[in-house]
Amino acid sequence: MLLFFTLGLLVHLVFFASIFDIYFTSPLVHGMTPQFTTLPPPARRLVLFVADGLRADSLYELDENGNPRAPFIRNIIMHEGSWGISHTRVPTESRPGHVAMIAGFYEDVSAVAKGWKENPVEFDSLFNESKYTWSWGSPDILPMFAKGASGDHVYTYSYDAEKEDFGAHDATKLDTWVFDKVKDFFHAARNNQSLFAQVNEEKVVFFLHLLGLDTNGHAHRPSSRDYKDNIKIVDDGVKEIVSMFQHFYGNDGKTTFIFTSDHGMTDWGSHGAGHPSETLTPIVTWGAGIKYPQKVSTQQFDDEFLKEWRLENWKRQDVNQADIAPLMASLIGVPFPLNSVGILPVEYLNNTDLFKAESMFTNAVQILEQFKVKMTQKKEVTLPFLFTPFGLLSDSKQLDILRKARLHIKQAKFDEAVSLCKELIHLALKGLSYYHTYDRFFLGINVAVSFVGWTSYVSLLIIKSHSNLTRSISKEVKKPTHLLPCSFVVIGILITFFLLIQACPWTYYVYCLLPVPIWYAVLREFQVVQDLVASLLTFPLSHFVGYLLVFTLGIEVLVLSFFYRYMLTAGLITFAGWPFLTQLWTRAKVTSLSWTFFSLLLAVFPLMPVVGRKPDISLIMSAGLLVLLLSLFVITSVIKRKNSFVKEELLVHLLQMMSTVLSMYVVYSTHSSLLKKQGLPLMNQIVSWAILASSLVVPLLSSPVLFQRLVSILLSLMSTYLLLSTGYEALFPLVLSCLMFIWIHMEQETLQQSGISCKRKVFFLVTAFFGTGNIASINSFDLASVYCFLTVFSPFMMGSLMMWKILIPFVLIMCAFEAVQLTTQLSSKSLFLIVLVISDIMALHFFFLVKDYGSWLDIGTSISHYVIVMSMTIFLVFLNGLAQLLTTKKLKLYGKPKSHLI
């Protein structure tokens, strides 16, 4: 059994990792030649302002009095420069947004999982191509562009990470710090000859990263006065910096200014998904080489923003976020970042038509270089007779378009040249995508074959060991044959040789060879398959079809519940009526009515909103009071039942009640403190971490009697859950646990078949994930959930706490299921195998539904669905062990620890 679990765990780890290796790999290639325009650029220097977390509408709209929220930027739009909306791609997070702007390419979605490392992959950037770059701002953003730069010409000035505090008194200090440091820098440059010479060079960049808006948005939401006031502070700061630059450089007209944002933010203060409030960011440019405002009578856009912002008479020029990189490169005359896929927005340029055409030609050649390298790399590792080139962009077509474009430029047909270059860029980008996904179908088929084989093998094991279908068939001892193993060895050798001559990555060997041992194991059980077929032939066809339809319908309902949470409500309502369809109603009316009541109560939660909720402390306090009432009820009932109530057990119960009271106090106190902008009190933080650390230890001190131990687990985990709650979800584990207690009692009342219990378990596991929201969308995470533990920005710590919040209901269900196994004496192996088959069939569904395109909401949903189902299997062994530990082990405060069987 241990060997089977180990092999199963390894197989599922391969399945788990496969989607990231097949669907989400780095799009970068290396080996291109830098491309730049030989014509003199319009600017000697460029100043890039990035207001982190600034929404386009928040900047452009007028305030409640009809005045501009950012008067200086508004004045630029009307009198000095060009403006528009920068459309970001997902994930709408700070790192990918800055990479898109400064390096010109969109990182694959797994970059979010790689976190805030300086450079998970090496890439070129505008800063790297510049003569010098000076940057000020967050320690999370600046280092990744400095570390990847060649030489020592990118300089960073960051504040301490501790300043990124969501509970801070005034988050605008993050922005004023940047503005003050820039002023100090130029003051120092006047008195430092070498620094003065450097800042007066050409091809230099100044980068100001302004984090205050993002911090205020998370802490107070974009509709708050704090966020709106912060916009005014940023506007004033930009005005001062622009004035300082003009004064320092003597109004030489050689400075370009770009003001934009990396991403927006939802109304509830989160970002990461594909909502317009997150993907629509402002871009305002002015100075050297930038076109002046253009007055127009009408503009055609799908939205109504121009009217809302009262900017309908000033021409709006929208760009994709990656287009900003080639725009900046062309303005200061540096090579386009090698990995950039941005298309130069020539509409922003105030220069000659020749300069625009030459810049666009350079842009086309730079992207075409990536296409050529990608094609060459794929061609070198593919057998000639298997290689299928990208048909829309052959070598002859490339040369033809480049030749025609160059001819148009010579003939001064600049518009035609720009049009041809854009056509070439679009074809090259399509080709890049084609070669990037070249092996996807091949690898996907191999993983799918492994999936089907593994599910078949586990199903055969269940039939062989835990059913009577094959018992009536005579088992003759047959001589082992060497034909089958030899055949599979030959197949494995041929596959290895095939991959070897193509110089495939090592992961290809894993995906392609995995089906070999799995299907060998399946075919070894050929006798079981024969016995099964023979048994089924004696089974009534109508019954077989009926059971198959019910099983299939059950699986599909579970799959649909991942997309439509109300399916959980429908399932729970169906469960509510289950006792009335059995004999249980006649034997235990109170139990049946309780089951129905809590099933219907739990059915309400999937209908509640996942995102956009305002914190509601009263609901958390209500959940805490209910936990205390439950504790008192347990103590009273145990004292009545026992002649002698052990003082140690009473102490544990009182300790848990005190922990609940402390959790309620910390939540209330922290909420009040943050409202007053006094930050997170240190004592609250210490108490929160202490409660979290003790939550898995205290239950081991309680009585090993089944009911008391389960209540103790609930009370300990609820203390932590209260600290991580922001509203109605605080009641969810409590209602879920009540239903679990009744489920255990019902299983004791009437022993059920293992299959029914397993289906119910899988359904409850899915409900635990989707009852109040899940990891399907990054913006379903509310950072306010972790404010009792920390308010200083720490993505990994915050992510871990939110993940534990999701897993707490999961642990409660596993503990309940462990109790069901003990009370009903069902085979744990058979139950595990049935759950394994059900989850693997669901995982195969989701494997084919994974997306790497569309909004991050779509991409993230498809990833998380697959990850959740695979995690249900991978963590099943671990959580089953944790549940056994929590439900059966006993620690004594004095003497040796001992284990109790129930």
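Just so it is clear, the structure is predicted and the values come from calculations on it, not from any experiment. Here the residue numbering is sequential within each chain, running from 1 through the sequence in written order. Since the coordinates come from a predicted model, pLDDT governs what is reported: local features require at least 70, and pairs of side-chain atoms require 80 or more to be given and counted, while whole-chain, interface and lining totals use all residues. Hydrogens and water are ignored here; the side-chain numbers use all heavy atoms of the structure.

(A) Structural detail: the packing of aromatic side chains. Stacked, tilted and edge-to-face pairs are distinguished by plane angle, under 30 degrees for stacked and over 60 for edge-to-face with tilted covering the rest, among Phe, Tyr and Trp rings (Trp via its six-membered ring) whose centres lie within 6.5 Å. With the rule as written, the count across this model stands at 47 aromatic pairs. Considering the side-chain rings of W134 and F185, the 5.6 Å spacing of their centres and the 50° angle between planes classify their relative orientation as tilted. You can see W134 sitting in strand 3 (residues 132-137) and its partner F185 sitting in helix 8 (residues 173-190), a full 51 residues away along the chain. For a ring to carry a charge above it, either NZ of a lysine or CZ of an arginine must fall within 6 Å of the ring centroid while also lying within 35 degrees of the normal to the ring plane. The residue whose ring lies beneath R45 is Y249, and the NZ or CZ to ring-centre distance is 3.6 Å. The ring of F301 is capped by R316, whose NZ or CZ atom sits 3.8 Å from the centre of that ring. Note on conventions: DSSP H or I runs of at least 4 residues are helices, E runs of at least 2 residues are strands, and numbering of each starts at the N terminus.

(B) Main features of the packing of helix 3 (residues 71-79) against helix 11 (residues 225-248). Only the stretch in contact is used when a helix axis is fitted, and all axes are lines through C-alpha atoms; the angle between N-to-C directions ranges over 0 to 180 degrees. Their axes nearest at 7 Å, the elements helix 3 and helix 11 cross at an angle of 60°. Judged on the interaxial angle alone, helix 11 and helix 3 are oblique. Taking contact as the criterion, the partners of P71, F72 and I73 in helix 3 are, on helix 11, K232, D235, V238, K239 and V242. Convention used here: angles under 35 degrees read as roughly parallel, angles over 145 as roughly antiparallel, angles from 65 to 115 as roughly perpendicular, and any remaining angle as oblique. Contact between two residues is taken to exist if any of their heavy atoms lie within 4.5 Å; hydrogens are not considered.

(C) Quick look at the nonpolar core. In this structure, W595, L602, L710, V786 and F789 are the most contacted members of the largest nonpolar core, which totals 76 residues. Mapped onto this core, the elements with two or more residues apiece are helix 24 (566-576), helix 26 (589-602), helix 27 (617-641), helix 28 (647-675), helix 29 (682-694), helix 30 (706-723), helix 31 (732-749) and helix 33 (795-824). Top contributing element to this core by residue count: helix 33, with 13 residues. Residues enter a nonpolar core if they are buried and are Ala, Val, Leu, Ile, Met, Phe, Trp, Tyr or Cys, with the set joined through side-chain atoms within 4.5 Å. The cut-offs for exposure are 20% and 50% of the maximum accessible area for each residue type, with area from a 1.4 Å probe on protein chains only; residues under the lower value are buried, those over the upper are exposed, and the others partly exposed. Among the nonpolar cores identified, the runner-up in size contains 67 residues, and Y348, M375, A428 and L432 belong to it.

(D) Representation of the state of the cysteines in the model. Disulfides are defined as pairs of cysteine sulfur atoms found within 2.5 Å of each other. Counted according to the given criterion, the structure contains zero disulfides. C512 provides the cysteine sulfur closest to C504, a residue in no disulfide bond, and the two sulfurs are 7.2 Å apart.

(E) Up close: the sheet that holds strand 5 (residues 204-210). Strand pairing is assigned whenever DSSP identifies at least 2 bridges connecting the two strands. Strand order in the open sheet formed by eight strands is 4-3-5-1-6-7-2-8, with mixed pairing between adjacent strands. Both edges of this open sheet fall to strand 4 (154-158) and strand 8 (319-320), since each of them pairs with a single strand only. As judged from the seven bridges shared by strand 1 (residues 45-51) and strand 5, these two strands associate in the parallel manner. Paired with L48 across the two strands is F207, which belongs to strand 5.

(F) Main features of the pattern of salt bridges. Whenever a carboxyl oxygen of Asp or Glu lies within 4 Å of a side-chain nitrogen of Lys or Arg, that contact is scored as a salt bridge. Within this structure, the stated rule accounts for 20 salt bridges. Of the charged contacts in the structure, one is a salt bridge between R45 and D252, with a shortest N-O distance of 2.9 Å. Taken together, the positions of R45 in strand 1 and D252 in the loop between helix 11 and strand 6 (255-260) put the pair 207 residues apart, joining distant regions of the chain. Looking at R45, the relative accessible area reads 1%, which means it is buried. Residue D252 is classed as partly exposed on the basis of its relative accessible area, which comes to 34%. With its nearest N and O atoms 3.4 Å apart, the salt bridge here joins D229 to R225. With a gap of four residues between them, D229 and R225 both fall in helix 11, about one helical turn apart. Residue classification places R225 among the partly exposed residues on the basis of a relative accessible area of 45%. Bridged by salt links that share partners, the residues R44, E202 and K203 form one connected network.

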